[in-house]
Amino acid sequence: MNSTAVPTALVTGASRGIGAATARRLASRGYRVAVNYFSSPEAAALVVAEIEAAGGTAFAIRGDVRDPAEAAELVRLAAADGRLDVLVCNAAAPSFTPTPVGTLPWEDFHAKLTAELAGVYTLTQHALAVMGGQRGGRIVYVSSNVADGPPAPGMAAHGTAKAAINTFARFVAAEAGPLGVRVNVVAPGLVRTEASARLPKEFSQRIADRTPLGRIAEPDDVARAIALLVSEDAAFVTGAVLSVDGGFGISRI
Ligand SMILES: NC(=O)c1ccc[n+]([C@@H]2O[C@H](COP(=O)([O-])OP(=O)(O)OC[C@H]3O[C@@H](n4cnc5c(N)ncnc54)[C@H](OP(=O)(O)O)[C@@H]3O)[C@@H](O)[C@H]2O)c1
């Protein structure tokens, strides 16, 4: 690896929300950022423009992370100079309606699991091929505190899918450690994004009231945790799940 080259990060689902904040944050830390988007080219272009205006380097790449061929192409384009230092798997699976297990058809449960896992699996394989070759890299998966917090009503499919990502990360961390690749997870609580804006205001307020730090997260709260995990300050951290929920998960209020 050329140690003077600019490090490269691929952030999936970076046109909005947590992914956009992560792209901006990593660019501010000196990464050349590949801003992946799916259906919002204008939003992705805006993120790139903001990064460039702040003196950073970024470029947008369209791709559906659930499609193995597109995921492979994403890694190839992000690592155009043969180098990929950071992969952040953040892209959201399609939105879903919270539904109790009793009335959730198997097909819907299966689709949710498949969409979440497909969004990390092939990307991980292709990123590891590059990172293994350069003997170093960092991968972060964006999970949720729904995976191992108190079971939220109607969230079995989402929580089970995110729990599978937490477990997958441990296996990848064990396999990739000898290659010099660290693999970790951030598990946010409720974050103020377009996805969570669909929830009733009273619900967000209830979560804020029960959170020791007194509010729900902003996207940059999660982005900064990701930046920490990919930094040298976390050089001996791998296979970890970092809660980013202001203490909601430990709250008994
Ligand atoms: N918001 C929360 O409260 C919260 C809490 C815990 C965990 N999370 C997790 O955090 C992550 C980001 O959530 P968010 O709230 O920031 O979501 P968001 O604001 O809805 O943004 C979703 C992003 O994912 C992209 N995307 C969707 N489907 C894609 C696909 N098939 N391929 C590539 N990109 C795709 C979207 O791109 P386009 O706009 O271009 O389609 C967009 O950039 C998700 O994994 C979510 O489960 C969120």
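Above: the structure in question.
Criteria and thresholds
- Residues numbered from 1 in each chain as written.
- Predicted model: local features only at pLDDT ≥ 70, side-chain atom pairs only at ≥ 80, totals over all residues.
- Heavy atoms only, no water.
- Buried < 20%, exposed > 50% of the residue type's maximum accessible area, 1.4 Å probe, protein only.
- Helix = DSSP H or I, 4+ residues; strand = E, 2+ residues; numbered from the N terminus.
- Pairing = 2+ DSSP bridges.
- Right-handed = clockwise from strand over helix to strand, strands pointing away.
- Axes fitted to C-alpha atoms, helices over the stretch in contact; angles between N-to-C directions.
- Parallel < 35°, antiparallel > 145°, perpendicular 65-115°, else oblique.
- Left-handed = near helix turned anticlockwise from the far one by under 90°.
- Contact = heavy atoms within 4.5 Å.
- Phe/Tyr/Trp six-rings, centres within 6.5 Å; stacked < 30°, edge-to-face > 60°.

(A) Region of the structure containing the pairing of strand 1 (residues 8-11). Both faces of strand 1 are covered, namely the face carrying Thr-8 and Leu-10 and the face carrying Ala-9 and Val-11. In this sheet, strand 2 (residues 32-37) lies alongside strand 1 in parallel orientation, the contact comprising 4 bridges. Considered in strand 2, the bridge of Leu-10 is made with Ala-34. For the segment spanning strand 1, helix 1 (residues 17-28) and strand 2, crossover handedness is right-handed. Here strand 1 runs beside strand 4 (residues 86-89); their pairing, made up of 3 bridges, is parallel. Counted as the bridge partner of Ala-9 is Val-86 from strand 4.

(B) Spatial organisation of the packing of helix 1 against helix 7 (residues 219-230). Where helix 1 contacts helix 7, the two axes come as close as 8 Å, and the packing angle between them is 50 degrees. The angle between helix 1 and helix 7 places the two elements in the oblique class. Helix 7 is crossed by helix 1, and the crossing has right-handed handedness. Residue-level contacts link Gly-17, Ile-18, Ala-21, Thr-22, Arg-25 and Leu-26 of helix 1 to Pro-219, Asp-220, Val-222, Ala-223, Arg-224, Ile-226, Ala-227 and Val-230 of helix 7.

(C) Structural view of the packing of helix 4 (residues 106-133) against helix 5 (residues 156-176). The interhelical angle for the contact between helix 4 and helix 5, taken along N-to-C directions, is 20 degrees, at an axis separation of 9 Å. One element, helix 4, and the other, helix 5, form an angle in the roughly parallel class. Crossing hand, helix 4 versus helix 5: right-handed. Side by side, helix 4 and helix 5 meet where Phe-109, Lys-112, Leu-113, Glu-116, Leu-117, Val-120, Tyr-121, Thr-124 and Leu-128 of the first sit next to Ala-156, Ala-157, His-158, Thr-160, Ala-161, Lys-162, Ala-164, Ile-165, Phe-168, Val-172 and Ala-176 of the second.

(D) Broad picture of the sheet that holds strand 1. Taken in spatial order, the 7 strands of this open sheet run 3-2-1-4-5-6-7, and their pairing is parallel. This sheet does not close on itself; its edge strands, each paired only once, are strand 3 (57-62) and strand 7 (241-244). Neighbour-to-neighbour, the strand axes of this sheet turn through a mean angle of 20 degrees, independent of strand direction. Against the sheet, helix 3 (residues 68-78) contacts strand 1, strand 2 and strand 3, and its axis sits at roughly 160 degrees relative to strand 3. Each of strand 4, strand 5 (137-142), strand 6 (181-188) and strand 7 touches helix 7; the most contacted strand, strand 6, lies at about 160 degrees to it.

(E) Broad picture of the packing of aromatic side chains. All told, the structure shown has 3 aromatic pairs when counted by the stated rule. Taking 5.6 Å as the distance between ring centres and 35 degrees as the angle between the ring planes, the aromatic pair formed by Tyr-121 and Phe-168 counts as tilted. Placement of Tyr-121 in helix 4 and of Phe-168 in helix 5 is noted, with a sequence separation of 47 residues between them. On the basis of relative accessibility, which here comes to 18%, the residue Phe-168 falls in the buried class. Relative to Phe-168, the ring of Tyr-141 lies with its centre 5.9 Å away and its plane at 50 degrees, an arrangement referred to as tilted. One end of the pair, Tyr-141, is in strand 5; the other, Phe-168, is in helix 5, with 27 residues separating them in the sequence.

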